[in-house]
Every structure is written in structure tokens, then in C-alpha cells.
Amino acid sequence: MPDFHNESTERLFRTIAAINSPEECRAFFEDLCTIREIQDMSQRFDTAILLSKGYSYQKIAEKYSISTATISRVNRCLAYGDGGYKTAIKKLEETENANDNK
């Protein structure tokens, strides 16, 4: 992947990491991104979750009306990326498990 790390992107990532609640995060992303960008990111994350659970490209494409090229890109990131999807999925699972135990 191209190196896009610079002062501006690092500030963005620090800001996102400092957000303390889903409500704050939602408000920030609604101001920062278009609805379509948020939907696309959500769809890619859902795709990563399903891929990590072993779903086939065909089932994912049918469920989300997403191209196999996008599914392939997400799969490549899962396999060879920086681990961002894996970390996020793990954190999501930990959060959901904690909420289930309340």
C-alpha cells in the first residue's frame, strides 16, 4: 500500500483514537465523511468480519451487493495488511462479549 503517513493523517488517527464513545465517533464521522463513504467503510468492515468467519465471496456478495473485487481487496488486507481489520474485529468481539456478560 502507498505510504500516506504524514502529520495530517497521524493527527486524524490520534483524534479517532481519542474519541470516547460511539456517539462521539458517529458525530465526528458524520461531519467528516459523506453518507456513502460511511456506508462503504461499514460494508468493508462487515465483509472483513464475514471473511474472518469463513464466508464465501459469493455469500458475501449476495448479502451486501458488493463486488467480488472489493471482497478480494478486503481479503488481501486481512491476509497481508497491517492487521487493522484483525485488531478491530478482536476489539469488537471483546466489546460484544463484555456487553453480553453484563
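Read on for an overview of the structure. (Residues numbered from 1 in each chain as written. Predicted model: local features only at pLDDT ≥ 70, side-chain atom pairs only at ≥ 80, totals over all residues. Heavy atoms only, no water.)

**Some remarks on the nonpolar core**
Formally: Remark: nonpolar core denotes a set of buried residues (Ala, Val, Leu, Ile, Met, Phe, Trp, Tyr, Cys) joined through side-chain atoms within 4.5 Å. The classification of residues rests on relative accessible area computed with a 1.4 Å probe and restricted to protein chains. Under 20% of the type maximum is buried, over 50% is exposed, and intermediate values are partly exposed. Elements are defined by DSSP. Helices are runs of H or I of four residues or more, strands are runs of E of two residues or more, and each kind is numbered from the N terminus. Should any heavy atoms of two residues lie within 4.5 Å, those residues are considered in contact.
Counting 13 residues, the largest nonpolar core has Ala48, Leu51, Ile60, Ile71, Leu78 and Tyr85 as the members making the most contacts within it. Listing elements by their share of this core, those giving two or more residues are helix H3 (35-52), helix H4 (57-64), helix H5 (68-80) and helix H6 (84-100). Residues contacting Tyr85, with those up to four places away along its chain left out, are Arg44, Phe45, Ala48, Val74, Cys77 and Leu78.

**Points about the side chain of Gln43**
If you trace the backbone, Gln43 turns up in helix H3. Classification of Gln43 as buried rests on a relative accessible area of 19%. Leaving out residues up to four positions away in the same chain, Gln43 has contacts with Tyr64, Ser65 and Ile66.

**Some points on the packing of H5 against H6**
Put simply, the rule is: In this analysis, axes come from line fits to C-alpha atoms, helices being fitted only over the stretch in contact, and the angle between any two N-to-C directions falls in the range 0 to 180 degrees. To sort the angles, those under 35 degrees are grouped as roughly parallel, those over 145 as roughly antiparallel, those from 65 to 115 as roughly perpendicular, and the leftovers as oblique. The nonpolar class holds Ala, Val, Leu, Ile, Met, Phe, Trp, Tyr, Cys and Pro. Asp, Glu, Lys and Arg form the charged class, and all remaining residues, Gly among them, are polar.
Following both chains from N to C, one finds H5 and H6 inclined at 85 degrees, their axes separated by 7 Å at the closest point. The angle between H5 and H6 places the two elements in the roughly perpendicular class. When H5 is examined against H6, the residues Val74, Cys77 and Leu78 are found in contact with a partner set consisting of Tyr85, Lys86 and Ile89. Per-class residue counts for the contact of H5 with H6 are 5 nonpolar, no polar and 1 charged.

**Points about the pattern of salt bridges**
We apply this condition: Salt bridges are defined as contacts in which a side-chain nitrogen from Lys or Arg sits within 4 Å of a carboxyl oxygen from Asp or Glu.
Evaluated as defined, the whole model comprises 2 salt bridges. For the salt bridge of Arg11 with Glu7, the shortest nitrogen-to-oxygen distance reads 3.6 Å. A residue pair is termed a helical-turn pair when its members lie 3 or 4 positions apart in one helix, as Arg11 and Glu7 do in helix H1 (residues 7-18) at 4 residues. Residue classification places Glu7 among the exposed residues on the basis of a relative accessible area of 62%. Salt-bridge contacts for Arg36 lead to Asp40; the nearest nitrogen and oxygen are separated by 2.8 Å. Of this pair, Arg36 and Asp40 both sit in helix H3, 4 residues apart, roughly one helical turn.

**What to know about the environment of Asp40**
Judged by its relative accessible area of 23%, Asp40 falls in the partly exposed class. Considering only alpha carbons, one finds Asp40 and Ile89, 49 residues apart in sequence, at a separation of 17 Å.

**So, the packing of H3 against H6**
Contact geometry of H3 with H6 gives a least axis separation of 10 Å together with a crossing angle of 80 degrees. The angle between H3 and H6 places the two elements in the roughly perpendicular class. Taken together, the residues of H6 that come into contact with H3 (itself represented by Arg44, Phe45, Ala48, Ile49 and Ser52) are Tyr85, Ala88, Ile89 and Leu92. Split into classes, the residues belonging to the contact of H3 with H6 amount to 7 nonpolar, 1 polar and 1 charged.

Such coordinate-based values are descriptive only and should not be taken to indicate function.
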